[in-house]
Amino acid sequence: MELPFAEPYKIKMVEKIYKSTRDQREKWITDASYNLFNLKSEEVFIDLLTDSGTGAMSDKQWSEIMVGDESYAGASSYYKLKRAITEITGFGYFLPTHQGRAAENVLFSVLLREGDIVPGNAHFDTTKGHIEFRKAVAVDCTIKEASDPALINPFKGNVDTEMLEDVIRENPKSNIPCIVVTVTNNTSGGQPVSMANIKEVSRIAKKYGIKLILDSARFAENVYFIKTREDGYASKEIREIALEMFSYADAMTMSSKKDAIVNMGGFIGIREEDLFIKASGFNIIYEGYITYGGMSGRDMNALAQGLYEGTEFDYLESRINQVARLGSKMKEYGIPVLEPYGGHAIFIDAKKFLPQIPKEEFPAQTLAIEIYIDGGIRCAEIGALMADRDPVTRENRYPALELVRLAVPRRVYSDNQMDFVAAVVGNVFIRRKSISKGLKIKWEAPILRHFTVKLDRSDV
Ligand SMILES: *Cc1c(COP(=O)(O)O)cnc(C)c1O
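Chemist: If you had to explain the layout of surface pockets to someone new, which residues and values would you point to?
Modeler: Over the atoms rolls a probe the size of a water molecule, and in doing so it shows where empty space is left. Taken as a whole, the largest pocket spans an internal volume of roughly 1800 Å³. Lining the largest pocket are 44 residues, with Ile 11, Met 13, Ala 56, Arg 411 and Val 412 positioned closest to its centre. Elements that contribute at least two residues to the lining of the largest pocket include exactly α2 (59-66), α11 (297-310), α12 (313-332) and α16 (415-430). It is α12 that provides the largest number of residues to the lining of the largest pocket, a total of five residues. Classifying every residue of the lining of the largest pocket by side-chain character gives 17 nonpolar, 11 polar and 16 charged. When residues of the lining of the largest pocket are assigned to domains, at least three fall in each of domain 1 (22-51 + 322-457) and domain 2 (59-310). If you add up the space inside the second largest pocket, you get close to 1000 Å³. Along the wall of the second largest pocket there are 40 residues; nearest its centre are Lys 128, Asp 140, Thr 187, Ala 387 and Arg 397.

Chemist: Account for the pairing of strand β6 (residues 211-215), with residues named and values stated.
Modeler: Of all five residues that make up β6, four are buried, and the element is covered over most of its length. Note that strand β5 (residues 178-182) and β6 share five bridges and pair parallel. Bridging from a neighbouring strand, Val 180 pairs with Ile 213 of β6. In this region the chain leaves β5, passes through helix α7 (residues 195-207) and returns to the parallel neighbour β6; the handedness of that crossover is right-handed. Pairing of β6 with strand β7 (residues 251-255) involves three bridges; the strand directions are parallel. The partner of Ile 213 across the bridge, within β7, is Ala 251.

Calculation notes
Residues numbered from 1 in each chain as written. Predicted model: local features only at pLDDT ≥ 70, side-chain atom pairs only at ≥ 80, totals over all residues. Heavy atoms only, no water. 1 Å grid on protein atoms, 1.4 Å probe; cavity = no way out; pocket = protein on both sides within 12 Å on 5 of 7 lines; lining within 4 Å. Points joined across faces, edges and corners; volume = space filled by probe spheres on them. Helix = DSSP H or I, 4+ residues; strand = E, 2+ residues; numbered from the N terminus. Nonpolar A, V, L, I, M, F, W, Y, C, P; charged D, E, K, R; others polar. Domains from an automatic or database assignment. Buried < 20%, exposed > 50% of the residue type's maximum accessible area, 1.4 Å probe, protein only. Pairing = 2+ DSSP bridges. Right-handed = clockwise from strand over helix to strand, strands pointing away.

What follows is the structure, given as structure tokens:
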């Protein structure tokens, strides 16, 4: 008999979670102004809001916490983390930061000026936030195929390199300090970028003297997809492929809360001393001294260990299989899901699920609210709410895709819990025609509005 797949770990500690009633959830979500970020975690049964900082650390990571060195400067924990980062990414210089957006803040403080242009593949929301906050412009050069939810392409996160080169040619080169490639591409559905594409983007960047930055929160998942989908990589080790991938970049920003399986932390990996020295100044102002910058020693230790565990093939296989299993169950129930399945999440095509809800009434957020009310499952909207307003015209931006993202925390939930999720969404799908009203905005912040927005049912 062929052996089924099994997780390469066992459970040492459990945490109780609470089921609630539909009536309770209806009250809670009204009190939360239909914003899932406003819910208390106890009001959620299965939390798929994000895979960021929600993973389960291993016994080895917890033991690293106990031997952290809290010296202000030159702590052994700093050197342990530096060794892990250099071994896994190849970058000789690094700066610790408290999380990924802090890494962006520090690096962009060096690189960006008002009026600059930053091309890339569907920039992550905080990345875009940091670019637009500096009155610079993020230009999305993701391949067209990415906006067709049903189209199968093994590397739907790729950059359209012709479009990229057009953007570079049509603008003064001095206004394009860097290209940001996000691996995997979260905004387009957790889709990977191929090595060939990264190589080509790097060639273009070098040709025009522009820096290439890899936004690397899910770099290990991207590497797993390269290994399993791209010609020539099947027999290579995950870490070998990761080293090649980073070799094409000048710097990387990292949210360690994703593929490094820690609850908080980030860093910047840098190739050249000059950029490192400039970034160090901003790191000291915004984060902390260069050998801890926003992280305690124990947390740097756990992060170093997490980088090794997060780049093990067996772990990555079990993680990506669990996400794909959730996707297949939902597909079995007829739910329109984005394919191929993302590395960290399953994305539901809300326009197909709820065609009766106009885009002005936020179909993805409407669906996310229904899924919460039915099963206590919290997911995230990746649609017009998150796309926010155009910074110049202040008009709402309506992205090609209205998605509900079910992000799966690492090493946290069982397959039974994933089956429960699929069934809850399946039940909402059965009663989808009865959902006749969407949502409207009552209050919103000027930037990154989706975190704090207040909504109401569209008919009240
Ligand atoms: C999470 C994430 C960030 C921001 O990191 P935080 O740790 O949440 O600040 C940036 N880019 C990508 C691709 C991410 O997934």
